[in-house]
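# Secondary and tertiary structure notes
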Amino acid sequence: MLTKRIIACLDVDGGRVVKGVQFENLRDAGDPAELAKVHSASGADEIVLLDISAAHERRATLLDTVRRAARELFIPFTVGGGIRTREDAAAVFSAGADKISINSAALADPTVITQIAERFGSQAVVVAIDAKHSDGTSHWETFTHGGRSPAGRDAVVWAREAESLGAGEILLTSMDRDGTGVGFDCELTRAVADSVRIPVIASGGAGGAQHFVEVFREGHADAALAASIFHYGFSRLVDLKQEIGSQGIPVRWPC
Amino acid sequence: MIAIVDYGAGNLVSVKKAMDWLGQECAITSDPGQVEKAAKIVLPGVGHFASTAALGRSGLRDAIADAIGRGVPFLGICVGMQWMYERSQESPQTPGLGVLNGECERFPANVKSPHVGWNQLEGAPSSRLLRGVPQSSFVYFTHSFRAPVTETTVAVCDYGGRFSAVVERDHLFGVQFHPEKSGEIGLTMLANFCAL
């Protein structure tokens, strides 16, 4: 049976893994290459590395980090942050990434999704959407530049457009839940997952096994991503996957 | 030397990296001459079946067909495996190599497509590629079309019905999933291929 993926995310700044609470108050959590290996060995189904500083600076550092992390990683590896063009994507693929994740650049110029998909295949293109609930409405606004600027796009509509342009997956982050540990935004996830045929990765808010079970069951997510829950030993991946599996969700176990 | 065939579709770094890690001498190449001289051939592939048309234009198709005729071990991965069949519904006008019988087809409408993620293999213990791989092992798939189950199938996967996950006949091997992205299990299969 096709399993639900548990994805470990490494938020990287200047070559070090950090994790913010609602995109602020960064703490150092270690070496990306080291952590990628640890997560893979403890059962992560995939690794996502997001360069949270890359929109401004430090491209060379990122490529070096990707190269080091990819060297001994034999599970799918996605890299995002600051990728603007097909050439940026090509450099990241050459460094060893299997997929790239694009966010701000895709909103600024949606054709970049198609350009990368045509050259590297749709399976290599993840469109990341940072969404925030609009007060008093039943819709979610899309944000760019690490959650700093509203894009003026409804998240569900944007996800459908990204799919039609050649995106292979949607990485959907709830800005309301990011870093809070109170659970994924199942409503947002379901709204997007039910609107597209491509896989949707839920992100933002993971605090425990029950949250993963909920987002798979109620949010219709194909995969779920978390960062801080894994880095600081709040919850070991091995235990987490067994717990999720014991509640009837198909997971890859043993790995 | 193992030739990893580059026909301009997708990213071959992951396959190269896995071979390097296994200590295998290999090279990414788009040169038919180098493919002809290779001790083994790996044809990766992602994206659209139509992209395999480049193999015909560049002379790589003839080089591969010639090598296969001489008994050189060949491994097709993902679209590289689909190309071993006669054709695919994804691009009916693009001919496959036709060393395996049948046509690749799309998934039924009742399942999400593409099929992305870790799914299980049910296979034959006698397979040389699957030596040391336990039953029901998980491997990583990402594809929108699939190959039929035929007499060359040695492992199937179930997603909206059973399809060929591993095919094997003499020195010809094909895998629908990505062994280079399937952890220890995938590396075991690549090591088995390299050891032939």
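As a further point, take the sheet that holds strand 13 (residues 172-175) of chain B. Residues and elements named next belong to chain B. An order of 2-1-3-4-13-12-11-8 is seen for the eight strands of this open sheet, with the pairing classed as mixed. Edge positions in the sheet fall to strand 2 (26-29) and strand 8 (122-123), since each of these pairs with one other strand and no more. Judged from the two bridges that link them, strand 8 and strand 11 (residues 153-158) form a sheet pairing that is antiparallel. Paired with glycine 123 across the strands is alanine 155, a residue of strand 11. Sitting on the sheet, helix 6 (residues 183-194) is in contact with strand 1 (2-5), strand 3 (40-43), strand 4 (74-77) and strand 13, with an inclination near 145 degrees to strand 3.

Our focus in this paragraph is the confidence of the model for chain A. Averaged over every residue, the pLDDT of chain A is 90; the share at 70 or more is 91%. Considering only residues more than four positions removed or in separate chains, one finds that residues 21-26 of chain A, a stretch of pLDDT under 50, has 18 contacts.

Another point: the interface of chain A and chain B. Note on interface size: it is often stated as the accessible area lost on association of the parts. Listed by partner, the interface residues are 34 residues for chain A and 32 residues for chain B. Connecting chain A to chain B are two salt bridges. Counting the contacts that link chain A with chain B gives 18 residue pairs in polar contact (both at pLDDT 80 or more). Those elements that place two or more of their residues in the side of chain A that touches chain B are helix 2 (59-71), helix 3 (86-94) and helix 5 (111-120) of chain A. Among the residues forming the side of chain A that touches chain B, the class breakdown is 17 nonpolar, five polar and 12 charged.

All names here are of chain B. A sheet is described by the order of its strands in space; here three strands give the open sequence 5-6-10, paired in mixed fashion. The sheet terminates laterally at strand 5 (87-88) and strand 10 (145-146), the two strands that pair on one side only. One ladder, built from two bridges, connects strand 5 with strand 6 (residues 103-106); its direction is parallel. By the bridge assignment for strand 6, arginine 87 is matched with glutamate 103.

Calculation rules
- Residues numbered from 1 in each chain as written.
- Chains lettered and ligands numbered in written order.
- Predicted model: local features only at pLDDT ≥ 70, side-chain atom pairs only at ≥ 80, totals over all residues.
- Heavy atoms only, no water.
- Pairing = 2+ DSSP bridges.
- Helix = DSSP H or I, 4+ residues; strand = E, 2+ residues; numbered from the N terminus.
- Contact = heavy atoms within 4.5 Å.
- Axes fitted to C-alpha atoms, helices over the stretch in contact; angles between N-to-C directions.
- pLDDT = per-residue confidence, 0-100.
- Salt bridge = Lys/Arg side-chain N within 4 Å of Asp/Glu carboxyl O.
- Polar contact = N/O pair within 3.5 Å; in protein donor to acceptor, adjacent residues only side chain to side chain.
- Nonpolar A, V, L, I, M, F, W, Y, C, P; charged D, E, K, R; others polar.

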